[in-house]
Amino acid sequence: MKKEPYDIEQINVMSWLRFPLIMGVVLAHCNLYAIVANWEGSNPDWPAWLVYIFNYLYWILLPARVPTLFIISGYFFFRSQKKRDTHFFVDKYKRRIHSLLMPYLVWNTIAILVMYFRYEIMGDNDYSLTDYLSGFWSSVINGNGLPANNPLWFMRDLMVVTLMAPAINYLINGKYGLLAIIFIAACYVTGIKIPVCGVSMEAILFFSIGAYMAIHKVYITSIPKYLGTIMLLLYIPVQLFMNGLSPDCRYLYLFDLLTSCIKITAAFYLVSLLFKKKILKPTPILSKISFFLYALHGIIISPIIILLYNLSGCSNNPLALLGIYMTTPIIILVMTVVSYRFLIKYTPCIAKVVTGNRG
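Now for a description of the structure that goes with this document.

Reading the values: rules and limits
Residues numbered from 1 in each chain as written. Predicted model: local features only at pLDDT ≥ 70, side-chain atom pairs only at ≥ 80, totals over all residues. Heavy atoms only, no water. Helix = DSSP H or I, 4+ residues; strand = E, 2+ residues; numbered from the N terminus. Rg over C-alpha atoms; globule rule 2.2 N^0.38 Å. Buried < 20%, exposed > 50% of the residue type's maximum accessible area, 1.4 Å probe, protein only. Contact = heavy atoms within 4.5 Å. Lys, Arg positive; Asp, Glu negative; His and termini not counted. Charge placed at Lys NZ, Arg CZ, Asp CG, Glu CD. Salt bridge = Lys/Arg side-chain N within 4 Å of Asp/Glu carboxyl O. Phe/Tyr/Trp six-rings, centres within 6.5 Å; stacked < 30°, edge-to-face > 60°. Lys NZ or Arg CZ within 6 Å of the ring centre and 35° of its normal. Core = buried A, V, L, I, M, F, W, Y, C linked by side-chain atoms within 4.5 Å.

### Considerations on the overall build of the chain
Move 1: Secondary structure summary: the chain contains 15 helices and 0 strands in total.
Move 2: Taken over the C-alpha trace, the chain has a radius of gyration of 21 Å; the compact-globule value for 359 residues is 21 Å, and the two agree within 12%.
Move 3: Looking at the chain as a whole, 45% of its 359 residues qualify as buried.
Move 4: In the chain, 75% of the contacts between residues at least 6 apart in sequence involve partners at least 24 apart.
Move 5: Taking the average place of the 29 positive charges on the side chains of the chain and the average place of its 15 negative ones, the gap between the two points comes to 17 Å.

Have a look at this one:
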């Protein structure tokens, strides 16, 4: 089936956004302040402005990363105009086994082996096999409700919401689809949670929004100029406002949803505009390494930061600490590109598995 021009533009915009969104995830996880505090067991005595940068810079500069990625995932799952019957979903699930499940298992296996080496070989801990196997879903060793490779919680929640795709299709496919989205958003805003690890209202909401866009042909490339301009003007002020809110604010989820919607709309509008003006163009290589970057950084990021922190010998020098924060993503990106090219050239079969066949 021939794609409509708007569909091609939309795919280009979403594909291009994947890399900066993943880099945003990497930058968020380069929070030197949090890593050192966890490592040393207490908060370091650093200037307030520096701590603010570590905690909030990536929120201010970058789009709402996780919600946007869920929207993109929902859109690509449903963008085919084929009849959404049993065969449609079975085919999608077969594809997701290779693109989601297999790399999820492989990368968590690597992380579990690293944990075993750290705690059993290098340390004196005595965790059970069950403790280590829990890392495939919610690691009891880490105790944070995340898989062994922490950033892969997104893949875990994405796999869960993907299994819910037939129900989501049923809810949003008809003329009351928008009401279904509003209902899910209301559940999210009121803080309603499903008490099952991996079942996330955030994932359900934003994946459903992406699905709605695909099913009802809502094109992000046709956002009106006045609306896009307003969203761009509100982009930073609303995030600064969010940064100042207390974690126990009763309207936190509402403000979070509004902020996410504003930033997502602004990002889609700006990237679409830059594509139309020929300033941006598709970047296949960046799209290809995005997943590999996302999976690899969860394993190497803490050792890199701690190594740089120890080697610098400047634990109280704000500029040196800021330098580590800005340098770490570059080091990780270089390591990702080199590793990716090596695997593609010398071990293409392995590359196919660890990248989810995205090479």
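The structure having been displayed, the exposition proceeds.
### Thoughts on the pattern of salt bridges
Move 1: Enumeration according to the criterion identifies 2 salt bridges in this entry.
Move 2: Linking D157 and R156 is a salt bridge whose minimum nitrogen-to-oxygen distance equals 3.0 Å.
Move 3: Judged by relative accessible area, which is 4%, D157 ranks as buried.
Move 4: On the basis of relative accessibility, which here comes to 5%, the residue R156 falls in the buried class.

### Points about the packing of aromatic side chains
Within a pair of aromatic rings, the relevant descriptors are the distance that separates the centres and the angle that separates the planes.
Move 1: This model, assessed by the stated rule, comprises 28 aromatic pairs.
Move 2: Consider the rings of F70 and F154, whose centres lie 4.4 Å apart with planes at 40°: the pair is tilted. Here F154 lies in helix α7 (residues 153–163) and F70 lies in helix α4 (residues 65–78), a separation of 84 residues in the sequence.
Move 3: Classification of F70 as buried rests on a relative accessible area of 0%.
Move 4: The exposure class assigned to F154 is buried, which follows from its relative accessible area of 11%.
Move 5: One aromatic cluster is present, formed by F77, F78, F88, F89, Y93 and F207 through successive ring pairs.
Move 6: Positioned over the ring face of F77 is K92, at 5.6 Å from the centre of the ring.
Move 7: Sitting over the ring of W137, R156 keeps its end group 5.8 Å from the ring centre.

### Some thoughts on the nonpolar core
Move 1: L32, W46, F78, W107 and F268 are the most contacted members of the largest nonpolar core, which has 102 residues in total.
Move 2: With 13 residues, the single largest contributor to this core is helix α13 (residues 284–312).
Move 3: Listed in part, the 5 residues of the second largest apolar core include M231, Y235, I262 and A266.

### Some points on unusual backbone geometry
A negative phi holds for most residues other than glycine; trans holds for most peptide bonds.
Move 1: In this model, K217 sits at a positive phi of 55°, which is unusual for a non-glycine residue.
Move 2: Structurally, the position occupied by K217 is in the loop between α10 (201–215) and α11 (225–243).
Move 3: Unlike most non-glycine residues, K278 shows phi in positive territory, near 65°.

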